[in-house]
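# Structural characterization, general
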Amino acid sequence: MIVKHLEQIIRTPDDVDAPTWNSRRLLLAKDGMGFSMHDTLIKAGTETLIWYQNHVEAVYCVEGEGEIEVIGGRTYPIRPGTLYALDGHEKHYLRASSQLRMICVFNPPLVGREVHDENGTYPASTANQA
Ligand code: 9YT
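Residues numbered from 1 in each chain as written. Predicted model: local features only at pLDDT ≥ 70, side-chain atom pairs only at ≥ 80, totals over all residues. Heavy atoms only, no water.

## Things to note about the overall build of the protein chain
Scanning the protein chain for helices and strands turns up zero helices and ten strands. When its helices and strands are written in sequence order, the protein chain yields β-β-β-β-β-β-β-β-β-β. Principal axes of the C-alpha set define a box for the protein chain whose edges measure 40 × 30 × 25 Å. Looking at the protein chain residue by residue over its 130 residues, the buried ones come to 44%. Contacts in the protein chain between residues far apart in sequence, at least 24 positions, make up 62% of those at least 6 positions apart. Put simply, the protein chain shows about 6900 Å² of open surface, and 53% of that area lies on carbon and sulfur atoms. The positive charge centre, built from 12 side chains, and the negative charge centre, built from 17, are 3 Å apart in the protein chain. (Helix = DSSP H or I, 4+ residues; strand = E, 2+ residues; numbered from the N terminus. Buried < 20%, exposed > 50% of the residue type's maximum accessible area, 1.4 Å probe, protein only. Contact = heavy atoms within 4.5 Å. Areas by Shrake-Rupley, 256 points an atom, 1.4 Å probe, with all protein chains shown as cover. Lys, Arg positive; Asp, Glu negative; His and termini not counted. Charge placed at Lys NZ, Arg CZ, Asp CG, Glu CD.)

## Looking at the pairing of strand 9 (residues 92–96)
Burial of the side chains of strand 9 is restricted to one face: His92, Leu94 and Ala96 are buried, whereas none of Tyr93 and Arg95 on the reverse face is. When strand 4 (residues 47–50) meets strand 9, the two strands line up antiparallel, connected through four bridges. Counterpart to Glu47 in the pairing with strand 9 is Arg95. Note that strand 6 (residues 66–70) and strand 9 share five bridges and pair antiparallel. Residue pairing across strands places Glu69 opposite Tyr93, the latter belonging to strand 9. (Pairing = 2+ DSSP bridges.)

Following this line, the structure appears as structure tokens:
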């Protein structure tokens, strides 16, 4: 059984800061669960291009307001209680009008310190490592 607290992640290598977000990676591939789970802050006033070509991701908003625009598709508001699941690897913009706190689950699990490349993608090369 695994028991952790967010306080044990903050300011460790599993606390990954990017220009528009801060991902506190609670569970990673090394934990052997088959998914990763993150407590992620999306910084207020930001727009992030994201395209998870090598993963599926589910995102549950617990704080803040914003929107997700599927490129070539619809735009959906995000507020506490909103869930979205990228089951079709949708390329999208994520916008935060106030700081968003999102619980994010990835399959395959992230390995560690992944950040988006210029396409908003995390690499496949790390996707299947345990
Ligand atoms: C919601 C989202 O995809 N935010 C970008 C960061 C990512 N979820 C992560 O690595 O925590």
